[in-house]
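Chain and residue survey
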Amino acid sequence: MRKTLLLIVAIVLVTIQSCSIHTETLLHKNAEATTEMNIDFREMMGLMMGMVPDSVDAKSQFSELNKLPTEWTSLYDFEKKERKKLTTDPDSVRLMKKMFLKANSENGEIVGISFKQDHFSAKDYEFIDKGDAKDKMPLNNKIFQSWDGKTLTIDTKNFTDEDYKKIGASAGSAEPSKDGEQDMMTKMMQIDITNIIKFETKIKSITGLHDWVQKVDDRTIKITYSSKQLADSQLKFKNEDAQIVIVTE
């Protein structure tokens, strides 16, 4: 899989430096998960495009977004259109056909990007994690790798900014930036992150507490935080258990 997607996302994040990321995941009874991520940058796009001449460079960088389809398209079909030669590895092809993307528009202007992983299993996540970080879609899969169809164990150490650092680093170079540069880039960004986790069966019990994790109803968990919170080494928590264990019926 190619780094085109992360490069496009990097341009969005680095240029805008402010957006919201809303992810919704349905955990199926068969131990698979379907995840949809929406990156919304309409507010900052409106502000930037209203600025002259500062917005000129930003608008030229956003021309990369025109490469994205406006309807759900599999990563396989997207890559097939962009490249003459595709991977023939059967596992890669199978997963690329279960990964989708699209650009979201409003009044003729692109205001966001959406990504989807359809019915991913633990083995699918493991295969993705073995690949090069530059070639992954910008979805944090670590949270769902433990899902076995009944129990989800959330390691709260996975609430890190590593994924966003990698995305930011990929914007300027194929090689990762130094840690200090990545930290500075992360602190400059204002990314509000919401992760909704829904279960096909009712929640039976929840063990562990964390300030960023809350139960919404008997089938839904909500995780919310921001890039600035992730970058704040002095942030104090009231509840900060290492694990949240959710058992369903």
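Please read these numbers as outputs of a predicted model, since none were measured by experiment.

Let's talk about the overall build of the protein
Tallying secondary structure elements over the protein gives nine helices and 11 strands in all. Here the protein, with 249 residues, has 45% of them falling under the buried criterion. For the protein, contacts bridging at least 24 residues in sequence account for 68% of all contacts bridging at least 6.

Section: the confidence of the model for the protein
In low-pLDDT segments, the atomic positions of the prediction should not be examined closely. On average, residues of the protein carry a pLDDT of 76, and 67% of them reach 70 or more. Confidence, read as mean pLDDT per element, is least for helix α7 (residues 162-172) in the protein (45) and greatest for strand β8 (residues 203-207) (97). Ignoring residues within four places in sequence, the model shows residues 164-182, a span with pLDDT below 50, making 31 contacts including any to other chains.

Thoughts on the sheet that holds strand β6 (residues 151-155)
The strand order β6-β11-β8 describes an open sheet built from three strands, whose pairing is antiparallel. Two strands lie at the open edges of the sheet, namely β6 and β8, each paired on one side alone. Taking each pair of neighbouring strands and ignoring which way they run, the sheet shows an average axis angle of 15°. The pairing of β6 with strand β11 (residues 243-248) spans five bridges and is antiparallel. Bridging from a neighbouring strand, Asp155 pairs with Gln243 of β11.

Notes on the packing of aromatic side chains
Aromatic rings in a pair are described by how distant their centres are and how their planes are angled relative to each other. This structure, assessed with the given rule, holds four aromatic pairs. Taken together, a centroid distance of 5.0 Å and an interplanar angle of 20° make the contact between Trp212 and Tyr225 stacked. Taken together, the residues Trp212 in the loop between β8 and β9 (213-217) and Tyr225 in strand β10 (residues 220-226) connect sequence positions 13 residues apart. For Trp212, a relative accessible area of 8% gives the class buried. Seen from their ring centres, Trp212 and Phe237 are 5.1 Å apart, and the 70° between their planes marks the pair as edge-to-face. Of this pair, Trp212 sits in the loop between β8 and β9 while Phe237 sits in the loop between α9 (227-231) and β11, and the two are 25 residues apart along the sequence. One aromatic cluster is present, formed by Trp212, Tyr225 and Phe237 through successive ring pairs. In this arrangement the basic side chain of Lys97 is found over the ring face of Tyr76, its NZ or CZ atom lying 4.9 Å from the centre. Stacked on the ring of Trp72, the Lys or Arg Lys116 has its end atom at 4.4 Å from the ring centre.

Describing the nonpolar core
Among soluble globular proteins, nonpolar side chains are generally buried collectively. Counting 44 residues, the largest nonpolar core has Ile154, Ile197, Phe199 and Ile223 as its most contacted members. For Ile154, the contacting residues outside a window of four places in its chain are Ile143, Phe159, Ile197, Ile223, Ala242, Gln243, Ile244 and Ile246.

A word on the pattern of salt bridges
What the rule picks out here adds up to five salt bridges. Linking Asp124 and Lys98 is a salt bridge whose minimum nitrogen-to-oxygen distance equals 2.8 Å. Taken together, the residues Asp124 in helix α6 (residues 122-130) and Lys98 in the loop between α5 (90-96) and β4 (99-106) connect sequence positions 26 residues apart. With respect to burial, Asp124 and Lys98 carry one shared label: buried. As a salt-bridge pair, Lys202 and Asp218 come within 3.9 Å of each other at their nearest N and O atoms. Taken together, the positions of Lys202 in the loop between β7 (190-199) and β8 and Asp218 in the loop between β9 and β10 put the pair 16 residues apart, joining distant regions of the chain. In this structure Asp218 comes out as partly exposed when scored by relative accessible area, which is 34%.

So, the pairing of strand β5 (residues 109-120)
Consecutive side chains along a regular strand alternate between the two faces of the sheet. Of all 12 residues that make up β5, nine are buried, and the element is covered over most of its length. As paired elements, strand β2 (residues 33-40) and β5 share seven bridges and run antiparallel to each other. The residue of β5 that forms the bridge with Asn38 is Ser114. Taking the residues between adjacent antiparallel strands as the criterion, β4 and β5 are bridged by two residues, where Asn107 takes a positive phi near 55°.

Quick look at the environment of Asn30
For Asn30, the location among the structural elements is in the loop between β1 (18-27) and β2. With relative accessibility at 48%, the residue Asn30 sits in the partly exposed group. Measuring from C-alpha to C-alpha, the distance between Asn30 and Ser121 comes to 8.8 Å, with 91 residues separating the pair along the chain. A distance of 3.1 Å separates a polar atom in the side chain of Asn30 from the backbone nitrogen of Glu32.

Rules and cut-offs
- Residues numbered from 1 in each chain as written.
- Predicted model: local features only at pLDDT ≥ 70, side-chain atom pairs only at ≥ 80, totals over all residues.
- Heavy atoms only, no water.
- Helix = DSSP H or I, 4+ residues; strand = E, 2+ residues; numbered from the N terminus.
- Buried < 20%, exposed > 50% of the residue type's maximum accessible area, 1.4 Å probe, protein only.
- Contact = heavy atoms within 4.5 Å.
- pLDDT = per-residue confidence, 0-100.
- Pairing = 2+ DSSP bridges.
- Axes fitted to C-alpha atoms, helices over the stretch in contact; angles between N-to-C directions.
- Phe/Tyr/Trp six-rings, centres within 6.5 Å; stacked < 30°, edge-to-face > 60°.
- Lys NZ or Arg CZ within 6 Å of the ring centre and 35° of its normal.
- Core = buried A, V, L, I, M, F, W, Y, C linked by side-chain atoms within 4.5 Å.
- Salt bridge = Lys/Arg side-chain N within 4 Å of Asp/Glu carboxyl O.
- Polar contact = N/O pair within 3.5 Å; in protein donor to acceptor, adjacent residues only side chain to side chain.

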